[in-house]
Amino acid sequence: MSRSMTTKFIGAFVASALALFGLAGCASQESYQPPEKTPTLSSPTIAQDGVLRVGVNTGNAPLAGQPASSSKIVGLDVDVAAALADQFGLKLELVDVGTDAEAALTNGSVDIVMGVDKADSAATFWTSEAYLPTAVALFALPANDAVPTNEEAPVIAAQTSSKSSWAVSNEFESGTLVTTDDLKSAFAKLESGDVQYVAADAVIGTYAAHSAGYDVHIVALMQQPSGYAVGVLDSNAELKQAVSDALTSLTGTGIVGVIETKWLGSVLDLAQIPLTAGATATATDDSSASEDTSADESEGGDEGAAQDEGAEDAPVTDDSVVYDNTGAVDNGGIVDDGSYVDDTTYTDPGVAPDQTYDQGVGGDANGTGDAVADDGTYTDQAA
């Protein structure tokens, strides 16, 4: 499914950034019309002149998803994709490619894909530097800073059949794994004291806890941190360079940070988070294996020798959350720009939607009546 939208949205993020840092004054009643940009990319670098077609996985909230009450695709990846399109002076077209990003790139249905896990060694296409860090993480209540060990037999909650629950089972054999149907229930058990930790993808767990109003923090990572990146066909050298340069600019100017804060409550920094013993051992083993690869190959080493015989097969499902209308948190810091039907992260701190920067073309102050549905983030200039 694809949805076209214009991407003249920098004014929205400027307004959000000003509000975030306490610099926003009273909202202007005049609509903001950002200046037109000259496209910096054209065919054959992109398939269609004037449009950047971006693949997302709508089953991977909060990176991308669809609230039950709307057909719009929303999420952190959507915002980053819109920022990229704006950098290139292009309109944005979103395409739900599900989990098969490679097929979408290969068959030409998209120019780029978002949300590619850098830890996925199966990807045969080029991936950018990560714009968002992630790893399987352990969350705890504020009073608990301890990194758990297997000997301590910790009690850890995780979503059923997720990569996180698999990681807990393999590292904490002496501990107790408590599985839940969703992450919100896992954090509820943490809040009530039924468990000591929750294991989840760092991004998804942070979103789930923040949107439900739970005060938690990450105490340890169960794997070396990786990240979500942009994927491009390896043969498209010009687009690879353009994406790389644009991400560097968006990160350096703080736009990606504003997007992260909107969805996660803060910028996610995993660089200083300690590793569990299992993650540390894995990192050491990987380093040793890399150094010994040539020797092993020349000696005809056993392909399975480096594998843990007691390890379970990894599941195919990730941690997941569902966009709903419950548990919204009001931090009072980010202007509600009307861009999402419900991102379950922020309530409206009192600024009327669209007054600051967008009233839509041919529509009213709420962005309705346009030729193309106006969600408040993207200035609608459709004829």
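Here the structure is a predicted model, which is why all the values come from computation and not from measurement.

A short note on the overall build of the protein chain
Turning to step 1, where the next piece is worked out: A tally of regular secondary structure across the protein chain gives nine helices and twelve strands.
Turning to step 2, where the next piece is worked out: Sequence-distant contacts, at least 24 apart, represent 73% of the contacts inside the protein chain between residues at least 6 apart.
Turning to step 3, where the next piece is worked out: If you sum the accessible surface of the protein chain, you get close to 17400 Å²; carbon and sulfur atoms cover 49% of it.

Concerning the environment of M222
Turning to step 1, where the next piece is worked out: By secondary structure assignment, the location of M222 is in the loop between β11 (217–221) and β12 (226–232).
Turning to step 2, where the next piece is worked out: We classify M222 as buried; its relative accessible area is 8%.
Turning to step 3, where the next piece is worked out: Sequence-distant contacts of M222, defined by excluding residues within four places in its chain, comprise V136, L138, A167, V168, E171, F172, A199, T276 and A279.

A few points about the pattern of salt bridges
Turning to step 1, where the next piece is worked out: Under the definition given, this model contains three salt bridges.
Turning to step 2, where the next piece is worked out: Between K37 and D86 there is a salt bridge whose closest N-O contact spans 2.8 Å. Pair noted here: K37 is in the loop between α1 (10–20) and β2 (51–56) and D86 is in helix α2 (residues 76–87), with a separation of 49 residues, a long-range link.
Turning to step 3, where the next piece is worked out: Its relative accessible area of 4% is what places D86 among the buried residues.

Overview of the sheet that holds β11
Pairing between sheet strands relies on hydrogen bonds along the backbone, with the strands arranged either parallel or antiparallel.
Turning to step 1, where the next piece is worked out: Here five strands make up an open sheet; going across it, the order is β9-β8-β10-β7-β11 and the pairing mixed. Edge positions in the open sheet fall to β9 (176–180) and β11, since each of these has one partner strand only. In this sheet, adjacent strand axes meet at a mean angle of 35 degrees when their direction is disregarded.
Turning to step 2, where the next piece is worked out: Where strand β7 (residues 136–140) meets strand β10 (residues 197–201), four bridges bridge the pair, whose relative direction is antiparallel.

Focus on the packing of aromatic side chains
Turning to step 1, where the next piece is worked out: Scanning the model with the defined rule gives three aromatic pairs in all.
Turning to step 2, where the next piece is worked out: Here the aromatic rings of F187 and Y214 are separated by 6.4 Å at their centres, their planes lie at 25 degrees, and the arrangement is stacked. Residue F187 is found in helix α5 (residues 183–192), and its partner Y214 is found in the loop between α6 (202–212) and β11; the two are separated by 27 residues along the sequence.
Turning to step 3, where the next piece is worked out: A relative accessible area of 1% means that F187 is categorised as buried.
Turning to step 4, where the next piece is worked out: Note on Y207 and W263: the rings are 6.1 Å apart at their centroids and 40 degrees apart in plane angle, and the pair reads as tilted. Here Y207, found in helix α6, pairs with W263, found in helix α8 (residues 255–264); they are 56 residues apart in sequence, far enough to count as distant. Per residue, the accessibility class of Y207 equals that of W263, and both read buried.
Turning to step 5, where the next piece is worked out: Each residue in the set F139, F187 and Y214 is aromatic and connected to the rest through ring pairs, giving one cluster.

Analysis parameters
- Residues numbered from 1 in each chain as written.
- Predicted model: local features only at pLDDT ≥ 70, side-chain atom pairs only at ≥ 80, totals over all residues.
- Heavy atoms only, no water.
- Helix = DSSP H or I, 4+ residues; strand = E, 2+ residues; numbered from the N terminus.
- Contact = heavy atoms within 4.5 Å.
- Areas by Shrake-Rupley, 256 points an atom, 1.4 Å probe, with all protein chains shown as cover.
- Buried < 20%, exposed > 50% of the residue type's maximum accessible area, 1.4 Å probe, protein only.
- Salt bridge = Lys/Arg side-chain N within 4 Å of Asp/Glu carboxyl O.
- Pairing = 2+ DSSP bridges.
- Axes fitted to C-alpha atoms, helices over the stretch in contact; angles between N-to-C directions.
- Phe/Tyr/Trp six-rings, centres within 6.5 Å; stacked < 30°, edge-to-face > 60°.

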